[in-house]
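# Structural overview
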Amino acid sequence: MSKLSVAGRCLLLLAMSACWSLPQAEVTAEALKQQIQERSGKIKEFRAMLNDPDQTVRLAALDVMLKSDDIAMRELAYGVGFNSADETMRAICLSNKFADQKLISVKIADIPNPSDSQKKALDEWGGIYTFDVSSYDEKTGQFKTSGSYRKGTGQINGTRLDVSQSYCNGTFKLGDGAVLEGELGCKGSWAGTFEGQIRLQ
C-alpha cells in the first residue's frame, strides 16, 4: 500500500468520523449505540495502521491523524506514537506536541542535600522551573524562550530537547511516553545541577 493511498484512506475515515459527531435533534438509544460501535470500529482501524509492520503506513497514518481537527484522533495518535518503539514516530510526536506548547514546566526532582544556591533556586521556582516558548520553527526544530531571566534559544533534535538561557542550560530526552527527562545546569545565585521532567501530556 502506498503512502498516498494510506493518507487518502485516513482522510476518508476522518471525514466519516466527523459526520458521526455532528449534533442531532433527537438521537435514540439504539442509534447512539450504533454510532458508538461504528466509531469504535474506525478507532480500532486507525490504531492498527499506527502499529502496521510497514513504517511508511505508520508514518502516513500518524501524519494525517496529527493534522486532523478531530481531538480523539489526535490524542490516539499521540498516545500510540509517544509509546512506540519506532523512534521516528516518537520524534514526530515530540515536534508536533512541542509546537502547541506556550509554557514549558520542568518539575525538579528531590535533591537530598541541596547547596545554598540550590535551596535558593528551589525556593524561588517553587520546585518547578518554567519558561515561555515565544517561537518555534517546526522545519528546523529551533525555538526561542522568554521570561524573567529565561531569555534564550533551544533546539528539538529527534527525541532530544536542548535549551540555553541566561542562567540555565538544559538537555532532556524522551523517556517513557510523553515525558522528557534530563537536567538543568545553572549558574549565578542558582548555581547547581537539577534533574527534572517535562510532561507533555
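My aim in this report is to walk through the structure given alongside it, one point at a time. What you see is a predicted model, and the numbers here were worked out from it, not measured in a lab.

## What to know about the pattern of salt bridges
- Tallied over the full model, the rule gives six salt bridges.
- Lys 42 is the salt-bridge partner of Glu 45, the closest N and O atoms lying 3.9 Å from each other. Here Glu 45 pairs with Lys 42, and both are found in helix 2 (residues 29-50), just three residues apart, close to one helical turn.
- Glu 124 is paired through a salt bridge with Lys 120; the nearest N and O atoms lie 2.6 Å apart. Separated by four residues within a single helix, Glu 124 and Lys 120 lie in helix 6 (residues 116-125), roughly one turn from each other.
- Here Lys 120 falls in the partly exposed class, since its relative accessible area comes to 36%.

## Description of the sheet that holds strand 8 (residues 192-199)
- Strands sit in the order 1-2-3-4-5-6-7-8 around a closed barrel of eight strands; the barrel is antiparallel. Strand-to-strand twist across the sheet, computed as the mean angle between neighbouring axes with direction ignored, equals 30°.
- Note: strand 6 (residues 168-174) against strand 7 (residues 179-186), seven bridges, orientation antiparallel. In the sheet register, Lys 173 faces strand 7, and the bridge partner there is Glu 181.
- Sheet strands touched by helix 5 (residues 87-99): strand 1 (103-108), strand 2 (128-136), strand 3 (142-146), strand 4 (152-157), strand 5 (160-165), strand 6 and strand 7. Its angle to strand 2, the strand with the most contacts, is close to 90°.

## Things to note about the state of the cysteines
- In this structure the tally under the stated criterion is one disulfide.
- Linked covalently through their sulfurs, Cys 168 and Cys 186 form a disulfide whose S-S length is 2.1 Å. Residues Cys 168 and Cys 186 share a disulfide whose torsion about the S-S bond is about 110°; that sign makes it right-handed. Separated by 18 residues along the polypeptide, Cys 168 in strand 6 and Cys 186 in strand 7 bring together distant segments of the chain.

## Re helix 5
- Under the 1.5 Å per step criterion, the end-to-end length of helix 5 is 18 Å for 13 residues, consistent within 8% with the ideal 18 Å.
- Among the residues making up helix 5, those that are buried are Met 89, Arg 90, Ala 91, Cys 93, Leu 94, Ser 95, Lys 97 and Phe 98.
- The N-cap of helix 5, judged by a side-chain oxygen 2.9 Å from the amide nitrogen of Thr 88 a few residues on, is Asp 86.

## Brief notes about helix 4 (residues 71-82)
- In this model helix 4 runs 16 Å from its N-terminal to its C-terminal C-alpha over 12 residues, within 8% of the 16 Å that 1.5 Å per residue would give.
- Taken together, the buried positions of helix 4 are Met 73, Leu 76, Ala 77, Tyr 78, Val 80, Gly 81 and Phe 82.
- The backbone nitrogen of Ala 72 lies 2.9 Å from a side-chain oxygen of the residue at the head of helix 4, namely Asp 70.

## With respect to unusual backbone geometry
- Its identity is not glycine, yet Tyr 149 carries a phi of approximately 65°, on the positive side.
- Here Tyr 149 is to be found in the loop between strand 3 and strand 4.
- For Tyr 149, a relative accessible area of 48% corresponds to the partly exposed category.

## A short note on the pairing of strand 3
- Of the two faces of strand 3, only the one carrying Phe 143 and Thr 145 is buried; Gln 142, Lys 144 and Ser 146 on the other face are not.
- Relative to strand 3, strand 2 runs antiparallel, the two being bridged by four bridges. Counterpart to Asp 132 in the pairing with strand 3 is Ser 146.
- Between strand 2 and the antiparallel strand that follows it, strand 3, lie five residues; Gly 141 among them carries a positive phi value of about 85°.
- Relative to strand 4, strand 3 is paired through four bridges, and the arrangement is antiparallel. The partner of Thr 145 across the bridge, within strand 4, is Gly 152.
- Taking the residues between adjacent antiparallel strands as the criterion, strand 3 and strand 4 are bridged by five residues, where Gly 147 takes a positive phi near 130°.

## Description of the environment of Val 106
- Locating Val 106 in the fold gives a position in strand 1.
- Residue classification places Val 106 among the buried positions, given a relative accessible area of 1%.
- Once the C-alpha coordinates of Val 106 and Ile 198 are considered, the two residues, 92 residues apart in sequence, prove to be 4.9 Å apart.
- Beyond its immediate stretch of four places on either side in the chain, Val 106 contacts Gly 127, Ile 128, Tyr 129, Phe 172, Leu 184, Gly 196, Gln 197 and Ile 198.

What counts and what doesn't
- Residues numbered from 1 in each chain as written.
- Predicted model: local features only at pLDDT ≥ 70, side-chain atom pairs only at ≥ 80, totals over all residues.
- Heavy atoms only, no water.
- Salt bridge = Lys/Arg side-chain N within 4 Å of Asp/Glu carboxyl O.
- Helix = DSSP H or I, 4+ residues; strand = E, 2+ residues; numbered from the N terminus.
- Buried < 20%, exposed > 50% of the residue type's maximum accessible area, 1.4 Å probe, protein only.
- Pairing = 2+ DSSP bridges.
- Axes fitted to C-alpha atoms, helices over the stretch in contact; angles between N-to-C directions.
- Contact = heavy atoms within 4.5 Å.
- Disulfide = S-S within 2.5 Å.
- Expected span 1.5 Å × (residues − 1).
- Polar contact = N/O pair within 3.5 Å; in protein donor to acceptor, adjacent residues only side chain to side chain.

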